[in-house]
Amino acid sequence: MDIRRPYLQEGRLADIIALIQVLALDKRGHRGENGLREELNGKPKSAESWTNIAISHPEFFRADQTVEYGISLIARHVIDRNEKGVRDVPLELIKKLIEIAIELHDRQKERADRWKIWLPVIVVIVAGLINVIVTISTSDNRADKKDSCKIEASE
């Protein structure tokens, strides 16, 4: 996996969106690997564990591996507590986090596809160089043949 482009890994965006939803909507804001596997029906598609997903995406998640329930959504830690002392994540914020994940994915995909713009240009340049090389070598061969014909004729 390219560390600079984790969103391009197959299934990564879906895993991130699933993890955001569980950590934002569940009343328990901190989860462990086993609880996430149970809630999300197995391990993620793009990594060995939900903990690895969280570690790979510090823009959304906290992943403290020293505690049993160490995976949480960063946003939950900065939201004010309600009258019951609970930090509920508003639906608008959840929506915004998912939009951000999609935008980050799209940007990384666009950046990864930039080289494709240059492909036709490179093909034309290489074809042109090959044409020049073939033309030069062909003209050299013709010049050599003419010179050898002139030498034979003068002898």
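Given the structure is predicted, the values throughout are model-derived calculations rather than measurements.

What counts, and where the lines are drawn
- Residues numbered from 1 in each chain as written.
- Predicted model: local features only at pLDDT ≥ 70, side-chain atom pairs only at ≥ 80, totals over all residues.
- Heavy atoms only, no water.
- Helix = DSSP H or I, 4+ residues; strand = E, 2+ residues; numbered from the N terminus.
- Contact = heavy atoms within 4.5 Å.
- Axes fitted to C-alpha atoms, helices over the stretch in contact; angles between N-to-C directions.
- Parallel < 35°, antiparallel > 145°, perpendicular 65-115°, else oblique.
- Left-handed = near helix turned anticlockwise from the far one by under 90°.
- Nonpolar A, V, L, I, M, F, W, Y, C, P; charged D, E, K, R; others polar.
- Buried < 20%, exposed > 50% of the residue type's maximum accessible area, 1.4 Å probe, protein only.
- Expected span 1.5 Å × (residues − 1).
- Pairing = 2+ DSSP bridges.

Student: What exactly am I supposed to notice about the environment of F60 here?
Tutor: Relative to the helices and strands, F60 is located in the loop between α3 (50-56) and β2 (61-63). Those residues in contact with F60 that sit more than four places away from it in its chain are Y7, I16, I20, S72, L73, I74, L97, I100, A101 and L104.

Student: Would you mind going over the packing of helix α1 (residues 12-25) against helix α5 (residues 91-113) with me for this structure?
Tutor: Each packed pair of helices is defined by two parameters, the angle between the axes and the distance between the axes. One can describe the packing of α1 onto α5 by two numbers: an axis separation of 10 Å at closest approach and a directional angle of 165°. Here α5 runs roughly antiparallel to α1, going by the angle between their axes. For the crossing formed where α1 meets α5, the hand is right-handed. Side by side, α1 and α5 meet where L13, I16, I17, I20, Q21, A24 and L25 of the first sit next to L91, I94, L97, I98, A101, I102 and H105 of the second. A per-class count over the contact of α1 with α5 returns 12 nonpolar, two polar and no charged.

Student: Explain unusual backbone geometry to me, please; I cannot follow it from the model alone.
Tutor: Apart from glycine, the bulk of residues carry a negative phi angle, and the bulk of peptide bonds sit in the trans form. Phi is positive for N41, close to 55°, though the residue is something other than glycine. Mapped onto the secondary structure, N41 falls in the loop between α2 (33-39) and α3. A residue is classified by how much of its surface remains accessible, and N41, at 71% relative accessible area, is exposed.

Student: Just to check I follow, could you spell out α5 for this structure?
Tutor: Residues three or four positions apart in an α-helix share a direction because the helix packs 3.6 residues into each turn. Helix length check: α5 (23 residues) gives 33 Å between terminal C-alpha atoms against 33 Å at 1.5 Å per residue, within 8%. Buried within α5 are the following residues: I94, L97, I98, A101, H105, Q108 and A112.

Student: Explain the sheet that holds strand β1 (residues 30-31) here, please?
Tutor: Each strand in a sheet pairs with its neighbour through backbone hydrogen bonds, running either in the same direction (parallel) or in the opposite one (antiparallel). Reading across the sheet, the three strands line up as β1-β3-β2 and stay open at both edges, with antiparallel pairing between neighbours. Edge positions in the sheet fall to β1 and β2, since each has one partner strand and no second. By the bridge criterion, three bridges tie β2 to strand β3 (residues 71-73) in an arrangement that is antiparallel. Its bridge partner lying in β3, R62 is registered against S72.

Structural measurements only, silent on function.
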